[in-house]
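Chain and residue survey
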Amino acid sequence: MTSHQNLFVALREAFPDDLDATAIETADGPGAPLFYTWRDIERATAMMANLLASLQLPSGARVAVQTEKSVEALLLYLAVLRAGYVYLPLNTAYQAAEIEYFIGNAEPSVVVCSGRNFGWVSKIAFKAGTQHVFTLNEDRTGTLLDRAAHHADTHTPATKWADDLAAILYTSGTTGRSKGAMLTHGNLLSNARVLKDYWGWVPGDVLIHVLPIFHVHGLFVASHGALLNGSKMIWFAKFDPAAVVRRLPEATVFMGVPTLYVRLLAEPGFGREACRNMRLFVAGSAPLLIETFNEFRERSGHTILERYGMSETAMLTSNPYHPEDGERRGGTVGFPLPGVALRVSDEQGQPCPTGEIGGIEVKGPNVFKGYWRMPEKTKEEFTADGWFKTGDVGKVDERGYVTIVGRSKDLIITGGYNVYPAEIEGYLNEMDGVAESAVIGVPHPDFGEGVVAVVVAKPGAKPDAAALVAELKGKIANFKVPKHCFVVDALPRNTMGKVQKNLLREQHKGLFGA
Ligand code: AMP
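Below or above, wherever it landed, is the structure these notes cover. (Residues numbered from 1 in each chain as written. Predicted model: local features only at pLDDT ≥ 70, side-chain atom pairs only at ≥ 80, totals over all residues. Heavy atoms only, no water.)

For the rest of this paragraph, the subject is the sheet that holds strand β14 (residues 314-318). Spatial strand order, β2-β1-β10-β9-β11-β12-β13-β14-β15: 9 strands in an open sheet with mixed pairing. In this open sheet, the two strands that pair with only one neighbour each are β2 (35-37) and β15 (335-336). The sheet contact formed by strand β9 (residues 206-209) and strand β11 (residues 253-256) spans 2 bridges and is parallel. From the neighbouring strand, isoleucine 208 faces β11, where its bridge partner is phenylalanine 254. (Pairing = 2+ DSSP bridges. Helix = DSSP H or I, 4+ residues; strand = E, 2+ residues; numbered from the N terminus.)

Below you can see the structure in the form of structure tokens.
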């Protein structure tokens, strides 16, 4: 047991002996291919960490980052860990109202944004008391790098303990208020170590990195996986299926949300030949359809390994990697990872018998510390005996495989992104002529689920569905905007007055032909 738990230090210890070997090769974006060596990572993170240290930030300061995906943005994340501050990534799709909430809630000392958003982001940040706003662009320009260039390229990493905060990831609640999940160095490091082992990372592995880095999957699971194994990454800022297929023969590991697998399968050039050197395909963040699982196996000869996790806990379960541990079963998310305890409870909190459906509860070194400045909310989400209530509904079969059957919180997952109906409903209900609304997710062949809004007009009003959608587009991230909007006379309700979203989902389930 080491006392020093700075995640950055653990990742750096895994760098290969040859620091001049390529750590990251860009596959797209300005100047591609660009090659970053392990020494580049070491030096660039030192310079950025020295810049942060020079700002004399209070201990535990948050560094909020909303930039396009770039290698430099990953280096910034590592630098924040190195300097001992708390990293707060924000989805690049978020617009002013959302950013205002996150910055107001997290009170970051430093905000880093794209140059083109500097005007409005800095206004919000300075108003909220942030002292420093830097810019960072996809083409390696911006004030962050300009300023870091003046700092030394050596830096002693801050001493961090397992229980110290490393990152805050904002999720949302069904009430529409986002919650900041506080993850510690110990949470992230323990999960990264377990996955390295469980997924059989070996010397020489090469990861194709295509996921966004504001989310647990791309930032933690994928990046930590490669770094902790000293493995090269082929880095895509944007997912381009044809380009990924061309690079697959150089790679051994790929991680994606289900939508990306559907897109790979739509590529005529995708098949056994492209996958000849691949070792592992990992899927997660949303349910993988059994059809996709089966078709992928037929086309590529590889069985996708599906795993399950969430912002609050990082990874919880995984299908087995080694055949001797069992088969990878489509439609399941596998077994609890080593060190993770998982149980299924009924509404009274009593354990469900094997195979019965209930709420999934978990415990383990990976489970977060709580929601940022929401002690009450945190308390509600844990049982009296310390288990975290995931909000997912599922079951465990007699062989121990876990299956997720739904989400108690009505969360919609579209293209791997979470959409919380209550948030969209809040905006719709404010609009002219709208009395009330219900937002649901229905099966979509590409995105897993497509967002659909059902709106009730105020007496005498005739809101135009297309105009409502157009108005939403200026307000919220595009992935949250309903793909369809219906204006109806009334919403179906149960005797308790609750909107029966299950009936709406049923009614519109064929909308996208999934
Ligand atoms: P996030 O915090 O954005 O990672 O979202 C977490 C939620 O995604 C979980 O609570 C699950 O509802 C869902 N999720 C993640 N992985 C899977 C999976 N393999 N199958 C089904 N749902 C999943």
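Note that serine 318 resides in strand β14. Overall, the relative accessible area of 0% leaves serine 318 in the buried class. Within the local environment of serine 318, its side chain forms a polar contact with the side chain of tryptophan 199, the two groups lying 2.9 Å apart. In contact with serine 318, other than residues within four places in its own chain, are Tyr198, Trp199, Leu305, Glu306, Arg307, Val333, Gly334, Phe335 and Leu337. (Buried < 20%, exposed > 50% of the residue type's maximum accessible area, 1.4 Å probe, protein only. Polar contact = N/O pair within 3.5 Å; in protein donor to acceptor, adjacent residues only side chain to side chain. Contact = heavy atoms within 4.5 Å.)

Close contacts around the ligand come from 16 residues, with His215, Arg307, Ser311, Asp392 and Asn418 the closest. A distance of 3.1 Å is found between a nitrogen atom of the ligand and a backbone nitrogen or oxygen belonging to serine 285. One of the side-chain nitrogen or oxygen atoms of aspartate 392 is found 2.5 Å away from an oxygen atom of the ligand. Top contributing element to the shell around the ligand by residue count: strand β13 (residues 305-310), with 5 residues. (Near = heavy atom within 4 Å.)

Here alanine 274 shows up in the loop between α10 (258-265) and β12 (280-283). Remark: the alpha-carbon pair of alanine 274 and valine 245, spanning 29 residues in sequence, is separated by 6.3 Å. Setting aside residues no more than four positions away along its own chain, alanine 274 makes contact with Val245, Leu248, Pro249 and Gly269.

Attention now moves to the packing of aromatic side chains. The full count for this structure, using the stated rule, is 20 aromatic pairs. The interplanar angle of 50° and the centroid separation of 4.8 Å between the aromatic rings of phenylalanine 15 and tryptophan 38 together place this pair among those described as tilted. Here tryptophan 38 lies in helix α2 (residues 38-54) and phenylalanine 15 lies in the loop between α1 (7-13) and β1 (22-26), a separation of 23 residues in the sequence. On the numbers, 4.7 Å between centres and 45° between planes, the contact of tyrosine 417 with phenylalanine 479 is tilted. Placement of tyrosine 417 in strand β22 (residues 417-419) and of phenylalanine 479 in the loop between α14 (465-473) and β25 (484-488) is noted, with a sequence separation of 62 residues between them. Look at tyrosine 417 and you get partly exposed, because its relative accessible area is 27%. Following the ring pairs from residue to residue traces out a cluster consisting of Phe254, Tyr261, Phe270, Phe281 and Phe296. Lysine 179 extends its terminal NZ or CZ atom over the ring of tyrosine 371, reaching a point 4.8 Å from the ring centre. (Phe/Tyr/Trp six-rings, centres within 6.5 Å; stacked < 30°, edge-to-face > 60°. Lys NZ or Arg CZ within 6 Å of the ring centre and 35° of its normal.)

Here the focus is the nonpolar core. In this structure, Tyr77, Trp199, Phe254 and Met255 are the most contacted members of the largest nonpolar core, which totals 139 residues. Each of domain 1 (7-238) and domain 2 (306-407) gives at least three residues to this core. Among residues more than four places away in sequence, those in contact with tryptophan 199 are Val221, Met255, Arg279, Leu280, Val282, Leu305, Arg307, Ser318 and Tyr321. Formed by 20 residues, the second largest nonpolar core is a distinct cluster that contains Val419, Ala453, Ile476 and Cys485. (Core = buried A, V, L, I, M, F, W, Y, C linked by side-chain atoms within 4.5 Å. Domains from an automatic or database assignment.)

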